[in-house]
Amino acid sequence: MSKRDKQIVRLLSKPKDFTFKELSTLLSGLGYISDNKGKTSGSRVAFFNPANSSIIRLDKPHPDDTLKSYLVRYVIKKLKESGEI
């Protein structure tokens, strides 16, 4: 099982400690490009996959790096819709 496969299995298990860094690594491995351009973007970030035109938009978690459970469910839903998982 590859590292990406392990990350996907971890994401699908909906862990309480899934971090934004882990998500960013997983999405970049799946071909997504991070975009938070503009001086008013703040903590808002979009991940865009040019291969299938899929966009995942979310806020970076703060003050710690752990994603909320609703964001983990949202990412899983978007990845399933785009056929990535």
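Fair warning: this is a prediction, and the values are worked out from it, not measured in the lab.

**Student:** Any details on the side chain of asparagine 49? Residues and values, ideally.
**Tutor:** Among the secondary structure elements, asparagine 49 is positioned in strand 2 (residues 44-49). In this structure asparagine 49 touches Leu30, Gly31, Tyr32, Ser54 and Glu84, once residues within four positions along its chain are discounted.

**Student:** Tell me what's going on with the pairing of strand 3 (residues 54-59), and back it up with residues and numbers.
**Tutor:** Note on strand geometry: in a regular strand, side chains alternate between the two faces of the sheet. Side chains Ser54, Ile56 and Leu58 project from strand 3 onto a buried face, and the interleaved Ile55, Arg57 and Asp59 project onto a face without burial. The pairing of strand 2 with strand 3 spans six bridges and is classified as antiparallel. In the sheet register, asparagine 49 faces strand 3, and the bridge partner there is serine 54. Once strand 2 ends, the chain turns through four residues before running back antiparallel as strand 3, passing serine 53 with a positive phi of about 60°.

**Student:** Residue-level account of the environment of lysine 78, with values.
**Tutor:** Position of lysine 78 among the secondary structure elements: in helix 3 (residues 69-81). Sequence-wise, lysine 78 and arginine 57 are 21 residues apart; in three dimensions their C-alpha atoms are separated by 9.8 Å. Dropping the residues within four chain positions of it, lysine 78 is found in contact with Ile55 and Ile56.

**Student:** Account for a positive patch on the surface, naming residues and giving values.
**Tutor:** Taken together, the side chains of Lys14, Lys16, Arg73 and Lys80 present a region of like positive charge at the surface. As for its position among the elements, lysine 16 is in the loop between helix 1 (3-12) and helix 2 (20-29).

**Student:** Outline the packing of helix 1 against helix 2, supporting the account with residue identities and numerical values.
**Tutor:** Between helix 1 and helix 2, the shortest axis-to-axis distance is 10 Å and the interhelical angle comes to 125°. Judged by the angle between their axes, helix 1 and helix 2 are oblique. Here helix 1 and helix 2 pass one another in a crossing that is left-handed. Within the contact between the two elements, helix 1 uses Arg4, Gln7, Ile8, Arg10 and Leu11 and helix 2 uses Glu22, Thr25, Leu26 and Gly29. Residue composition of the contact of helix 1 with helix 2, grouped by class: three nonpolar, three polar and three charged.

**Student:** Tell me about the packing of aromatic side chains, residues and numbers included.
**Tutor:** Taken as a whole and assessed by the stated rule, the structure comprises one aromatic pair. When the ring of phenylalanine 20 is compared with that of phenylalanine 47, the centres are 6.0 Å apart and the planes differ by 45°; the resulting orientation is tilted. Of this pair, phenylalanine 20 sits in helix 2 while phenylalanine 47 sits in strand 2, placing them 27 residues apart in sequence. Accessibility assignment for this pair places phenylalanine 20 and phenylalanine 47 in one class, buried.

Here is what the cut-offs are and how they apply
Residues numbered from 1 in each chain as written. Predicted model: local features only at pLDDT ≥ 70, side-chain atom pairs only at ≥ 80, totals over all residues. Heavy atoms only, no water. Helix = DSSP H or I, 4+ residues; strand = E, 2+ residues; numbered from the N terminus. Contact = heavy atoms within 4.5 Å. Buried < 20%, exposed > 50% of the residue type's maximum accessible area, 1.4 Å probe, protein only. Pairing = 2+ DSSP bridges. Patch = residues over 30% accessible without salt bridge, like charges linked within 9 Å, V, L, I, M, F, W, Y side chains within 5 Å. Areas by Shrake-Rupley, 256 points an atom, 1.4 Å probe, with all protein chains shown as cover. Salt bridge = Lys/Arg side-chain N within 4 Å of Asp/Glu carboxyl O. Lys, Arg positive; Asp, Glu negative; His and termini not counted. Charge placed at Lys NZ, Arg CZ, Asp CG, Glu CD. Axes fitted to C-alpha atoms, helices over the stretch in contact; angles between N-to-C directions. Parallel < 35°, antiparallel > 145°, perpendicular 65-115°, else oblique. Left-handed = near helix turned anticlockwise from the far one by under 90°. Nonpolar A, V, L, I, M, F, W, Y, C, P; charged D, E, K, R; others polar. Phe/Tyr/Trp six-rings, centres within 6.5 Å; stacked < 30°, edge-to-face > 60°.

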